[in-house]
Amino acid sequence: MRLRSLAWLAPAAILTVDAAISVQSVSLPDIDFASLGEILFTGNFKGISVNQYSDNHLDIDNASSTDDYLIYSPRPNSYLELDASDGDIRSICELDGIAYLAGNFTRLGSQEIRSVAAVNTTSGDISALDSGISGEALVAYCDTDNRLVYFGGSFDNNVAIWNISSSSWADVPFTGLTGGPVTSIVSWQDNLVFGGKFTGLGNGTSSTSDITYTTSELQLVNLKVSNVTVSGTSNSSYSDPRSVICASNISASDSTWLLEDGQKGMWHASFSYYAYPTRIRLRNADADGRGTKTFRFIAEPINGILNLTYTDPDTGATAYCDAFCPLANISTADYQDFEFVNVIGMEGFYIDILDYYGAAGGLSEVQLYQEKILTYAINDYNEPLECGIAADYISKATSTGDWDVTTVSGTSYLSSNVSESSSDDISVTLYPAITLSGNYSVLLYTPGCTGDNTCSYRGRVNITVVASPDEAPTSSTLYQTNDYEKFDIIYEGYVEANDDSFRPSVTVAPLAGQSGNFTVVAESVQFIVTSTSGGLNGLFEYEAANYTSSNASSIVIYDTAVNSAGNMLDDSAYVYSLAATDSALFVAGKFSGDSVNNFFALSSGGDLGTAHGGLDDAVYTIALTQDENSVLVGGNFTASADDSELLYVASYSIENGSWTALDAGLNGPVDTVVKISLNISGSVYSVLAFNGNFTEINGYEEDDAIKSKGFALWIESDEEWAERSSLELPYLTGSLSSSADLGDGASLLVGNIIAESLSTSSGAIMTSDLDLSGLPFSFEESDESSSLKKRAVVDIFSDVAARGIFAGSFMTLNDTLFTAVSGKFTVDSADQFYENFVVFDSDKVIGGLSEGELSEDSAITVVYNHQNTSFIIGGAFSGTIGSSTVNGLAIWNAITGSFASTQPSALGGNNVQVNAITLRPNSSELVIAGSFSTAGNISCSNLCLYDTETGSWSAVADGLSGNITSFEFLDANKLVVVGNMTTSDYVKCYMAQYDFSTSSWNMLGTESNQLQGPVEAFVISDSIYDVIVAGTYLNNTDYLWAYASDSWTDIGADLSNGSKIYDILLLNLKTADDSRTSSIIPSDRILLVVGDLIIDSDHVSAALYDGSSWTPFLYTVKDDGTAGSVFTISTEIAKSIIVSAVTEEEVHHMKSGYVVLISLAISVAIMCLLVGGAFLIGYWKRRSEGYEQFPVQYDNRIAQLMPPSALFTDLSASPRS
């Protein structure tokens, strides 16, 4: 049966869902859709929606974006884009009307926000959490009881806590988790459980480490390439301020720089990159007792004085200073090291000399060190050889291909403009100075694209890490489209130290296979030692009572069941996902242990459930079903440990601890699973959205595989894939990473999706209340690379894709409504394959064109309902139907439910194509128009008549050649045609009129000769002097013009370049709009335009135009996530032909009865003369061409329309006045 649509419209008002984000519903014109019956929209699309909300429809142009979006769903199946990030949003949680986001982004909306953010679910406003997190946040967990938000990820100590009450960051009582990232946080038995790859507790809340490094283990900041200046006058004998750089091997007397006697001043260094110094070494001047006595350190770009610690050379005690720091005389100490209390990023610094020994202040050595092991792509920024470090133990970078130095706001990096042909020749390899082997996190820094205006051109890079001579290199890919600088973790694990035969390395190169020209950049890479206090292995249970301020100085790891479960796993264990019920904790990841592999359950009593040994490879994501009876998992596994096939997805029964397949699973790994709600056939279903690197839902039992683009929906209650369900579904594709339930059906999602309210195969039927329903069939998969054959004629379908429905029509037969559609497609219905034409009722296909009857490149572009007895089809096709050869035209008999056994004689000519079919008023002749030169054995150019009673062709008067795309009767005799035509005088003509009463052509003068290109569709309002045309300029762009008051007006100027118009229709309003000021569209009508329109940068498939403004009406999307198109509009109730009224003067006030009598007498005489000739001609044609009686549906209602007696009742009546 035909199911009701998933889309519905709210009243034209502000829609508010219980304190959730308010959205503006669209106010559509009050159109009289009921007068048209059902309306069929056909085209090339997979999803379709009626416009519901102002300015927030999901933009299909985002489908190719690598960025994540914040998406508001006010109710199931409705999705509104709020804000975009410039990276990934990994997780979301909600508390007290605020949603908290975690990810790896530097911009959210228009704000620079780093990795974490808050979103007000009432207003939609986004705010930063202080200065954010420097690193990647992977998970957000909202602690409702304590009004805290826990963030986990890969940053300093990997755990951060936001205090909602104070709107500030709070200390982490257990000091964080180190050794690797935190990936999951859940609440279980009143405690919090953290999962990840960590191995111990952190180093406290301070931004500096408790580890003491020797100078040999610190990295020297390269001041040799810095810009050094002096504020004040230098002593003429000691005037070079650069002499103090790399002076450790030079005597103080030979490297001294001094200020002029009696002066104070500043020594200043600035560099074109960011450094993160932890120590500065100063050696005083050595020149006749002169030297610096007191100084302060000022950092750029904050221009702030930094706090320092140092060892007092006199007492040996640790001392502190800030604005006035003492420096020992050269005779007292060879040098002094000062540690920075707070480590910040710097791009320069000042040493402000405040007081001095002797006559002047000065220095003989300045060395800056950092704990971070940074290697810069610009090799000059790495440690200089001149500073006495062995070449094998300094960082360095090498490059191949063309790279340029780009400097933005004082920071420099490498950039390269890459083409497809040059991508293999371009790379940068960075070699860090690793002095100690061990476990490291490797971070790659990428500069933002806004500073150098390359956001539209940034490409993807391939990252190769060589960490050890005994291990294979690891590779990953990254997008570089971040707005602001960011870093990504590209490797975690063991790194071998430098030696004579090996150096670790990171290579950045353009990812192969990218099309066009693009830009890649390289800035720096950092290696971070993941040293820890030990005692943990990927799992940590946090009970607040065990970690308070009173015992913070002696933090211990408690022997809980959770911590013990982690420690029984292998040393390389990585916990990716956690879930919990009241009775059990479920742990998933990549690990092995005693009888467990990649998944296990831990009961509230501490018992370990091995899940039959677990699964054979990593589990990346898990989610509880709504009833909490099962855990659904996704990952890289293909079987359970006992060899039961489970392809990348599976269900774990909590009650019996067993595994069940989700049908036959998927054909590739799953990364995330997100719970959402969908309105399916009027009911709300809980659905799990699986995202990953798969291309199919595997075939199952008798069902074929279903293509997918890494997104699949599992209906929990029905235990089946939504894509395989018989229910009518919304169209939804893309990727989702997390969701938050806002209550009352509303939710917030993060990801990048394209959604429409109905999923259907290129056709949808709309009722008068704007409900949409799909067609009762799906297209068979086809080769999308093929396309409709390009034809010489200019026609509306010459550039459409391989699949689509180009036309449709309704028919009522025996009180049953049937629909026919045509185009280029294949349908499998009840094991019967149909091509390009099918007829169906409300729930099934009942007939069509069998596969193989037409040539492969055929397309059927028009369907016409002939008197509710047959469908006449036309288009660009040829072949054999039954025993008849057809070309461009064929007849499907609705009475027999099959094609007529004898078809009209074939049309002929080059590139035959029929574009329009209609019945000539008051006759049995079908008017056929298109591009052809013969019909049967008669010459007939582009417009021909087919008599349904005799089965014969006849031509109209010559006068036009070329292609007719559409026509419309003005009255019983006058036919207006449009297209790309040429007159007998070889003049281009795009609109003309044929008069059957005089057998003559009228080229319409002004109405036609001012048009600027072929016309493909048109509507007539009241007369030929009120017409709207859609066509194509000679430069192949579309136009929409209206003719009124003896001139043409461009009414499509507000449509952006690239818009395609395929069909137009004037609709009646229920009440006239008297407020209109435009005369183009009558006040009681509105124009419906369909195609692929671009309005305010948004792709729209149908829009309404009232003479001055446009209102989007329908949105569609193709299966690949790009903009769809609507080609044609068909209505159940056809528009009546405009028949001009006969005036009183024309009948000279003759009584209608006399008119009838005289007419009958004349008709009898003429018929007597003609009937004999007609019989002879018909007999000859039947013998030569064959003939089958045209289908006729007899209906007694016809006799009731006009009783014969009514024609004579006024013979004695008075004439009309």
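Structure's up top.
Every chain is numbered on its own, with residues counted from 1 as its sequence reads. Given that the model is predicted, a residue must reach a pLDDT of at least 70 before its local features are reported, and side-chain atom pairs must reach 80 or more before they are shown or counted; all residues, however, enter totals for whole chains, interfaces and linings. Each side-chain value is derived from all of the structure's non-hydrogen atoms; neither hydrogens nor water enter the calculation.

Visitor: So what about unusual backbone geometry? Which residues, and what values?
Guide: Residue Pro301 is bonded to the preceding Glu300 through a cis peptide linkage, with omega at 10°. Checked against the element boundaries, Pro301 lands in the loop between β26 (291-300) and β27 (304-305). We note that Asn157 has phi near 70°; this positive angle belongs to a residue other than glycine. The secondary structure listing takes helices from DSSP runs of H or I that are at least 4 residues long and strands from runs of E that are at least 2 residues long, numbered from the N terminus. Secondary-structure assignment places Asn157 in the loop between β14 (148-154) and β15 (159-163). According to the relative accessible area criterion, Asn157 is buried, its value standing at 9%. For Asp744, which is not glycine, the phi torsion reads 55° and is therefore positive. Any residue under 20% of the maximum accessible area for its type is buried, any over 50% is exposed, and the rest in between are partly exposed; the area is computed with a 1.4 Å probe on protein chains only. Classification of Asp744 by relative accessible area gives exposed; the value is 59%.

Visitor: Tell me what's going on with the state of the cysteines, and back it up with residues and numbers.
Guide: The rule for a disulfide is simple: a pair of cysteine sulfur atoms within 2.5 Å. Applying the stated criterion across every chain, the model contains 4 disulfides. Across the disulfide from Cys93 sits Cys142; the S-S distance is 2.1 Å. In this structure the cystine formed by Cys93 and Cys142 twists about its S-S bond by roughly 70°; its chirality is therefore right-handed. Remark: Cys142 occurs in strand β13 (residues 136-143) and Cys93 occurs in strand β7 (residues 88-95); sequence separation between them is 49 residues.

Visitor: I'd like a description of the packing of aromatic side chains, backed by residues and values.
Guide: In summary, the pairing rule links any two rings of Phe, Tyr or Trp, Trp by its six-membered ring, whose centres are within 6.5 Å, and it sorts them by plane angle into stacked for under 30 degrees, edge-to-face for over 60 and tilted for everything else. Using the criterion set out here, one finds 50 aromatic pairs in the structure. Taken together, the ring pairs connect Tyr150, Phe174, Phe194, Phe540 and Tyr542 into an aromatic cluster. Here, a charge over a ring is recorded when the distance from Lys NZ or Arg CZ to the ring centre is within 6 Å and its angle to the ring normal is within 35 degrees. Against the face of Tyr335 rests Arg281, its NZ or CZ located 3.8 Å from the ring centre. It is Arg296 that lies over the ring of Phe324; its NZ or CZ is 5.3 Å from the centre.

Visitor: Give a detailed account of the sheet that holds strand β72 (residues 884-893), specifying residues and quantitative values.
Guide: Pairing is antiparallel in the open sheet, where 4 strands are placed in the order β70-β71-β72-β73. The open sheet is flanked by β70 (859-866) and β73 (898-899), the only strands paired with a single partner. Should DSSP find at least two bridges between two strands, the strands are regarded as paired.

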